[in-house]
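# Descriptive structure summary
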Amino acid sequence: GMRPDEVRDIILDGLRGGGWANVRASNLRPAKFGDAPALRFDLDLDNPSGLIYRGLVTAAEHQGRLTLLVWIAPAEHYYGRDIEAVTQMYDSVRFVK
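### Examining the pattern of salt bridges
Summed over all chains, the structure comprises eight salt bridges. Salt-bridge contacts for Arg-40 lead to Asp-91; the nearest nitrogen and oxygen are separated by 2.9 Å. Here the residue Arg-40 occupies a position in strand β2 (residues 36-46), and Asp-91 occupies one in helix α2 (residues 78-92), the gap between them amounting to 51 residues. Taking relative accessible area as the criterion, Asp-91 reaches 42% and is therefore assigned partly exposed. The salt bridge involving Arg-81 is made with Asp-82; its shortest N-O contact spans 2.8 Å. Look at the salt bridges and you will find they share partners, linking Arg-3, Asp-5 and Glu-6 into a network.

Dropping the structure here:
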């Protein structure tokens with residue numbers, strides 16, 4: 001029952017609480033998690049040692065529970081290498097009964 005920006009902000013707060021620095025989200029957009037409506041956004045963040053990371057988050061509420069897919073990778077090499085494969089994987093995820 002939360003707005004997409006509220007869900008995003010809770011996730012960002014959790015990452016900050018987990019020790020990540022300079023946590024920022026961009027490109028908040030609708031998505032699908034199988035047949036369930038979802039949201040997706042991009043991440044930019046730094047680990048405690050200052051290494052720059054990027055990521056992708058998909059979130060959906062299903063049967064009263066919030067389900068998250070969070071992928072984070074070093075921005076310098078792995079993010080660019082793997083983002084297309086991760087996006088395709090996220091697009092194929094479905095809830096099962």
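### Examining the sheet that holds strand β4 (residues 65-74)
What holds strands together in a sheet is hydrogen bonding between their backbones, with the strands either parallel or antiparallel. Here four strands make up an open sheet; going across it, the order is β1-β2-β3-β4 and the pairing antiparallel. Each of the sheet's edge strands pairs with one partner strand only, and the pair in question is β1 (21-33) and β4. Here the strands of the sheet are splayed against their neighbours by 20 degrees on average, with no regard to which way each runs. Sheet topology note: the strand β3 (residues 52-62)/β4 ladder contains 10 bridges and is antiparallel. The residue bridging Val-57 from the neighbouring strand is Val-70, located in β4. Of the strands in this sheet, β1, β2, β3 and β4 touch helix α1 (residues 4-17), which is tilted by about 140 degrees from β1. Those strands touched by α2 are β2, β3 and β4, and its axis lies near 160 degrees from that of β4.

How each quantity is defined
Residues numbered from 1 in each chain as written. Predicted model: local features only at pLDDT ≥ 70, side-chain atom pairs only at ≥ 80, totals over all residues. Heavy atoms only, no water. Salt bridge = Lys/Arg side-chain N within 4 Å of Asp/Glu carboxyl O. Helix = DSSP H or I, 4+ residues; strand = E, 2+ residues; numbered from the N terminus. Buried < 20%, exposed > 50% of the residue type's maximum accessible area, 1.4 Å probe, protein only. Pairing = 2+ DSSP bridges. Axes fitted to C-alpha atoms, helices over the stretch in contact; angles between N-to-C directions. Contact = heavy atoms within 4.5 Å.

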